[in-house]
Amino acid sequence: MTATRVPGVPEIEDGVLISTNPATGEEAGRVPAADADAVAATVARARQAAAWWQGLGFTGRKARLLRWRTLLTQRIEELARITGQETGKPEADAIVEAVGAIEHIDWAAHHAKAVLGPRRTRTRLLTAEHVGHIEYLPYGVVGVIGPWNYPILTPIGPISSALAAGNVVVFKPSEYTPIVGQWLADTFAEVVGEQPVLQVVHGMGDVGGALCRSGVGKVSFTGSTATAKKVMAACAENLVPVVIEAGGKDALIVDADADIPAAAEAAVWGSMTNAGQTCIGIERAYVVAPVYDQFVAAVVEKAGKLRTGHEIGPITMPRQIDIIRDHIDDALAKGGRAVLGGAGAVQPPYVAPTVLVDVPADSAEIRDETFGPTLTITKVADTDEAVRQANDTPYGLGGAVFGKADAVRIARRLRAGMVAVNSSLTFVGMGNLPFGGVGDSGFGRIHGEDGLREFARAKSITVRRGPSMLPAMTFERTPAQVARIVKAVKLLYGRKR
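All values reported here derive from a predicted model rather than from experimental measurement. Counting starts from 1 at the beginning of each chain's written sequence and moves along it residue by residue. Local features in this predicted model are restricted to residues of pLDDT 70 or higher, and side-chain atom pairs are both shown and tallied only at a pLDDT of 80 or more, whereas totals for entire chains, interfaces and linings draw on every residue. Computation of side-chain values covers all heavy atoms of the structure but excludes hydrogens and water.

Here's the deal with the overall build of the chain
Working step 1: By the criteria applied, helices consist of DSSP H or I runs no shorter than four residues and strands consist of E runs no shorter than two, each listed in order from the N terminus. Each helix and strand counted, the chain has 16 helices and 21 strands in total.
Working step 2: At 26 Å, the chain has a C-alpha radius of gyration in line with the 23 Å of a compact globule built from 497 residues.
Working step 3: With the principal axes as the frame, the chain shows a C-alpha extent of 85 × 60 × 40 Å.
Working step 4: Counting across all 497 residues of the chain, residues that qualify as buried make up 55%.
Working step 5: What makes two residues a contact is simply this: any of their non-hydrogen atoms within 4.5 Å. Considering only contacts within the chain whose residues lie at least 6 apart along the sequence, 71% involve residues at least 24 apart. Atoms counted for the radius of gyration: C-alpha only. Globule rule: 2.2 Å times the number of residues to the power 0.38. Exposure classes here rest on a 1.4 Å probe applied to the protein chains alone. A residue is buried below 20% of its type maximum, exposed above 50%, and partly exposed in between.

Notes on the packing of aromatic side chains
Working step 1: Two aromatic rings, drawn from Phe, Tyr or Trp (for Trp, its six-membered ring), form a pair once their centres lie within 6.5 Å of each other, and the interplanar angle then sorts them: stacked below 30 degrees, edge-to-face above 60, tilted otherwise. Under the counting rule described, the total for this entry stands at five aromatic pairs.
Working step 2: Centroid distance Trp 52 to Trp 53: 6.2 Å. Interplanar angle 40°. Geometry classified as tilted.
Working step 3: Taking 5.6 Å as the distance between ring centres and 85° as the angle between the ring planes, the aromatic pair formed by Trp 148 and Phe 371 counts as edge-to-face. Placement of Trp 148 in the loop between strand S6 (141-145) and helix H5 (153-164) and of Phe 371 in the loop between helix H12 (364-367) and strand S17 (374-380) is noted, with a sequence separation of 223 residues between them. Taken as a pair, Trp 148 and Phe 371 share a single burial class, namely buried.
Working step 4: Members of the aromatic cluster, connected to one another through ring pairs, are Trp 52, Trp 53, Trp 68 and Phe 188.
Working step 5: Here Lys 89 stacks its cationic end above the ring of Tyr 150, 4.3 Å away from the centre of that ring. Here, over-ring charges are defined by two tests on the NZ atom of lysine or the CZ atom of arginine: distance to the ring centre within 6 Å, and angle to the ring normal within 35 degrees.

A short note on the nonpolar core
Working step 1: Grouped together as the largest cluster of nonpolar side chains are 88 residues, with contacts concentrated most on Trp 68, Leu 163, Phe 188, Val 219 and Ile 280.
Working step 2: In terms of residues, this core owes the most to one element, helix H4 (residues 91-116), which gives 10 residues.
Working step 3: If you look at the next biggest cluster of nonpolar residues, it comprises 53 residues, including Tyr 286, Ile 312, Ala 386 and Ala 407. Residues belong to one nonpolar core when they are buried, are Ala, Val, Leu, Ile, Met, Phe, Trp, Tyr or Cys, and are joined through side-chain atoms within 4.5 Å.

Some points on the sheet that holds strand S12 (residues 282-288)
Working step 1: A pair of strands counts as paired when DSSP detects no fewer than two bridges linking them. Taken in spatial order, the seven strands line up as S13-S16-S17-S12-S11-S18-S19 in an open sheet, and their pairing is mixed. With partners counted over all chains shown, the strands left at the sheet margins are strand S13 (337-340) and strand S19 (420-421), one partner each.
Working step 2: Where S12 meets S17, five bridges bridge the pair, whose relative direction is parallel. Residue Val 288 lies in a different strand from S17, and its bridge partner there is Val 380.
Working step 3: A fitted line through C-alpha atoms represents every axis, and for helices the fit uses only the stretch in contact; the resulting angles, taken between N-to-C directions, go from 0 to 180 degrees. Across the face of the sheet, helix H9 (residues 260-272) comes into contact with strand S11 (250-254), S12, strand S16 (354-357), S17 and strand S18 (399-402) while running at roughly 140° to S17.

Side note on the pattern of salt bridges
Side-chain pairs of opposite charge can arise whenever the charged atoms involved come near each other.
Working step 1: For salt bridges, the criterion is a side-chain nitrogen of Lys or Arg within 4 Å of an Asp or Glu carboxyl oxygen. Counting across every chain of the model gives 21 salt bridges.
Working step 2: A salt bridge links Asp 330 to Lys 334, with the nearest nitrogen and oxygen atoms 3.4 Å apart.
Working step 3: Residue classification places Lys 334 among the partly exposed positions, given a relative accessible area of 38%.
Working step 4: Here the salt bridges do not stand alone but share partners, grouping Arg 5, Glu 11 and Glu 13 into one network.

What to know about H9
Working step 1: A helix's residues, less one, multiplied by 1.5 Å, set its expected span. The end-to-end C-alpha separation of H9 is 18 Å, in line with the 18 Å expected for 13 residues at 1.5 Å each.
Working step 2: Buried within H9 we find Ile 260, Ala 263, Ala 264, Ala 266, Ala 267, Val 268, Gly 270, Ser 271 and Met 272.
Working step 3: Next to the buried residues of H9 lie S11, S12, helix H10 (289-303), S16, S17 and S18.
Working step 4: Polar contacts, as used here, are pairs of N or O atoms within 3.5 Å; protein pairs need one atom able to donate a hydrogen and one able to accept it. Residues neighboring in sequence count only if both atoms are side-chain atoms. Capping of H9 at its N-terminal end is provided by Asp 259; its side-chain oxygen lies 3.2 Å from the backbone amide nitrogen of Ala 262.
Working step 5: Positive backbone phi, at 55°, marks Asn 274, one or two positions downstream of H9.

Brief notes about the environment of Leu 491
Working step 1: Position of Leu 491 among the secondary structure elements: in helix H16 (residues 479-493).
Working step 2: Assessed through its relative accessible area of 56%, Leu 491 is described here as exposed.

Some thoughts on the packing of helix H1 (residues 36-55) against helix H2 (residues 57-74)
Working step 1: Contact pair H1 / H2: the axes reach a minimum separation of 7 Å and the direction vectors enclose 100°. In terms of orientation, H1 and H2 fall into the roughly perpendicular class. Contacts from Trp 52, Trp 53, Gln 54 and Gly 55 of H1 reach H2 at Gly 57, Arg 61 and Arg 64.
Working step 2: Per-class residue counts for the contact of H1 with H2 are two nonpolar, three polar and two charged. Roughly parallel covers angles under 35 degrees, roughly antiparallel covers those over 145, roughly perpendicular covers 65 to 115, and oblique covers all other angles. Ten residues, namely Ala, Val, Leu, Ile, Met, Phe, Trp, Tyr, Cys and Pro, are considered nonpolar, four, namely Asp, Glu, Lys and Arg, are considered charged, and the remaining ones, Gly among them, are considered polar.

Concerning the sheet that holds strand S2 (residues 16-20)
Working step 1: The strand order across the open sheet built from three strands is S1-S2-S3, with neighbouring strands paired in antiparallel fashion. Sheet topology places strand S1 (11-13) and strand S3 (27-32) at the edges, where each strand pairs with a single neighbour. For this sheet, the mean angle separating the axes of adjacent strands, direction not counted, is 30°.
Working step 2: Bridge analysis of S1 against S2 gives three bridges, and the strand direction is antiparallel. Bridge assignment links Glu 11 to a residue of S2, and that residue is Ile 18.
Working step 3: Across the sheet, helix H6 (residues 178-191) touches S2 and S3, and the angle it forms with S3 is around 60°.

Structural notes on the layout of surface pockets
Working step 1: The rule is simple: put a 1 Å grid over the protein atoms alone, call a set of points where a 1.4 Å probe fits but cannot get out a cavity, call an open set with protein on both sides within 12 Å along at least five of seven lines a pocket, and count a residue as lining if it has an atom within 4 Å of a point. Grid points are joined across faces, edges and corners, and a volume is the space filled by probe spheres set on the points. Of the voids in this model, the largest pocket is the one considered here, and its volume is about 930 Å³.
Working step 2: Lining the largest pocket are 38 residues, and of these Trp 148, Phe 221, Gly 223, Ser 224 and Thr 227 lie nearest its centre.
Working step 3: Broken down by secondary-structure element, the contributors of at least two residues to the lining of the largest pocket are helix H7 (205-212), strand S9 (218-222), helix H8 (225-236) and helix H11 (320-333).
Working step 4: When residues of the lining of the largest pocket are assigned to their parent elements, the largest contribution, six residues, is made by H8.
Working step 5: Its residues assigned to classes, the lining of the largest pocket comprises 17 nonpolar, 13 polar and eight charged.

Written as structure tokens, this is what we have:
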């Protein structure tokens, strides 16, 4: 490592992207950096492979995806170790992340045919002479732009769905985690060596822009809301459709009949796991007055046991430390109190667990995504007030509710794409559930049936089975036939039901 190199900050030297550990500065690895021409060449190779991959059919693709799943399972410790070297996250966290990714590969492989296979539709009376068919066709080449905070789990969601649907993939990992991204592509090539079905391009933001403009059929992006808008603008130049999973400011609501120790444990996990660098992390908690003091005490007790460098890893992207520090300082300056951590918690490259109370609603810690191991806890009169405050944000990614009698009803009122009841973050590990947000958190879905359909376009076909009883779409229709059409429509739809 050179004297000028900053730990965790990616650098390009002589056409090579160098990745380092954010905690130690130790080099994690080197990969070739791409430019616009290299991206175009990679996409061209992908197009050549697309016909072969699609031609394998659902059964052939399933077999190969399951072989990849098995390989990742067998080498999960190796993957976790590489992830820890590059991001600094604890090995246990990397293991849990990899397990979730393996689940998504398995689900997509097993269910793609049932979800996307061709099927017939029921006929309608006015077009009874026709039968309808629906089939789902792949886009061809899908670009996936992945994040650094969960470099295994997050990109494998769209990658596995896109591959299962019959697409080939060009993957641009975050410049902060290129080694993990390369490892994923290399292991896939071990089980699918015939064609370049999953390829990787490395570099900074300009490489992601080049991928958006390269002629791919669709792009899936995960990252900040600000970068998402740039991705959309680049894709819009050629009307390339996108799936966007952007930032979040997720809230936990705790009702009076909640299991408080369990709620506190889930709040600490949801806010502090991966050092708080989680798009669906719990950054705000709204707790009804009767259980507020008990909840705060339980959270402080549990979070106070976590140690930086052990359960709490480093902040992977060094410039995020300034944002976390600014949010804590702003909250304290506006009257908030730190019941754990606080201004002194920021000790680069680490941030110690911080719990804040009495934070005003206009503070950055309440309004903006912090992406660090902090949690604000706000006392509310009732769950109606909790829902109002939880929804008072442009984001709408995930959330959580703890309670018994009304928990599910409260969850349905939250403006979010996913909500966990009596747990936190659990929806991300369920391969059959769609994942995505609303508002500034993006649109489109990965995972589950909706995630599979994101990477295939519906095509409708009608087939005539016999003569038309009510010929409408022809210039040869007669006045008598038009009259019969009117009579049939009134009979079918003209009465209140």
